[in-house]
Amino acid sequence: FHRAEGAILYNARHPEQPMKLMVIVKNLNDEEAYIASAVANAQRTNVSPIVIAEQQRHMMESFGKAPEEVARLYGMDTDRLYTLAKLLRLPKKIKDMVTAKELPVIAAADLANLDRDEQEKVLGMAARKTSGAVKGESVRDAIKKSKREKTGEVVQRSRKELLQFLENFVAVNEQENVRKVAKTL
């Protein structure tokens, strides 16, 4: 199909030397044509995971395809298919971040399990942690922190972590009393 498009453009620009193509014409019903087009589209390098997820959902809803069959058509396992399906539950803002490759697919799928307010909060926490760029690890860390805040869970720290914290605190604040506490630990 891509070569045919290229040939049409070439022939329009160079009518004196038309390009000849060998083609195979297939009669396809709507379902077959949609599936062939969608799977071919997914092979392009710049296709948004959101678009792929929408096409997969369409195949399952409109044509009654089982998730396993759709995953096979796309050359992926069903876990990946379900991960992409989670993206469809996200608000437009987060979908746009995935499309722009500003947010990894797996991190976006993690956000899909949260309510809208929690998604915004976690994205804000993750962006602050990484100076604006949102990475998968920062989203996961922010989700964990948010859950701890909700449940009031106390995080246990090792003695080494506490010493490091106090040393950093001393370096920043230069308070003599804090230095004494750090030395006694």
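All of these numbers come straight from a predicted model, not from anything done at the bench.

## Description of helix H3 (residues 49-63)
Here is step 1: With 15 residues, H3 extends 21 Å from end C-alpha to end C-alpha; this agrees with the ideal 21 Å at 1.5 Å per step.
Here is step 2: Those residues of H3 that sit buried are Pro 49, Ile 50, Ile 52, Ala 53, Gln 55, Gln 56 and Met 59.
Here is step 3: Regarding H3, its N-cap is Ser 48, as a side-chain oxygen of that residue lies 3.0 Å from the backbone nitrogen of Ile 50 further along.

## Re the side chain of Gln 119
Here is step 1: Take Gln 119: it is sitting in helix H8 (residues 116-129).
Here is step 2: Within the structure, Gln 119 has its side chain in polar contact with the backbone oxygen of Leu 114 (distance 3.1 Å).
Here is step 3: With near-sequence residues (within four places) excluded, Gln 119 lies in contact with Leu 90, Pro 91, Ile 94, Leu 111, Ala 112 and Leu 114.

## With respect to the pattern of salt bridges
Here is step 1: Tallied over the entire structure, the rule returns five salt bridges.
Here is step 2: Across the pair Lys 65 and Glu 31 runs a salt bridge whose closest N-O atoms are separated by 2.9 Å. Of this pair, Lys 65 sits in the loop between H3 and helix H4 (67-74) while Glu 31 sits in helix H2 (residues 30-42); the two residues are 34 residues apart in sequence, bridging distant segments of the chain.
Here is step 3: Under the relative-accessibility criterion, Lys 65 is labelled buried at 16%.
Here is step 4: Exposure remark for Glu 31: the relative accessible area of 25% places this residue in the partly exposed category.
Here is step 5: A salt bridge links Glu 69 to Lys 65; its shortest N-O distance comes to 3.3 Å.
Here is step 6: When salt bridges with common partners are traced through the structure, they connect Glu 31, Lys 65 and Glu 69 into a single cluster.

## Quick word on the nonpolar core
Here is step 1: Counting 35 residues, the largest nonpolar core has Tyr 74, Leu 87, Leu 103, Leu 111 and Val 139 as the members making the most contacts within it.
Here is step 2: Looking at this core, the elements with two or more residues in it are H2, H3, H4, helix H5 (78-87), helix H6 (92-99), helix H7 (105-111), H8 and helix H9 (136-151).
Here is step 3: When near neighbours in sequence (up to four residues on either side) are disregarded, Leu 103 contacts Ile 94, Met 97, Val 98, Ala 108, Leu 111, Leu 123, Val 134 and Val 139.

Conventions we followed
- Residues numbered from 1 in each chain as written.
- Predicted model: local features only at pLDDT ≥ 70, side-chain atom pairs only at ≥ 80, totals over all residues.
- Heavy atoms only, no water.
- Helix = DSSP H or I, 4+ residues; strand = E, 2+ residues; numbered from the N terminus.
- Expected span 1.5 Å × (residues − 1).
- Buried < 20%, exposed > 50% of the residue type's maximum accessible area, 1.4 Å probe, protein only.
- Polar contact = N/O pair within 3.5 Å; in protein donor to acceptor, adjacent residues only side chain to side chain.
- Contact = heavy atoms within 4.5 Å.
- Salt bridge = Lys/Arg side-chain N within 4 Å of Asp/Glu carboxyl O.
- Core = buried A, V, L, I, M, F, W, Y, C linked by side-chain atoms within 4.5 Å.

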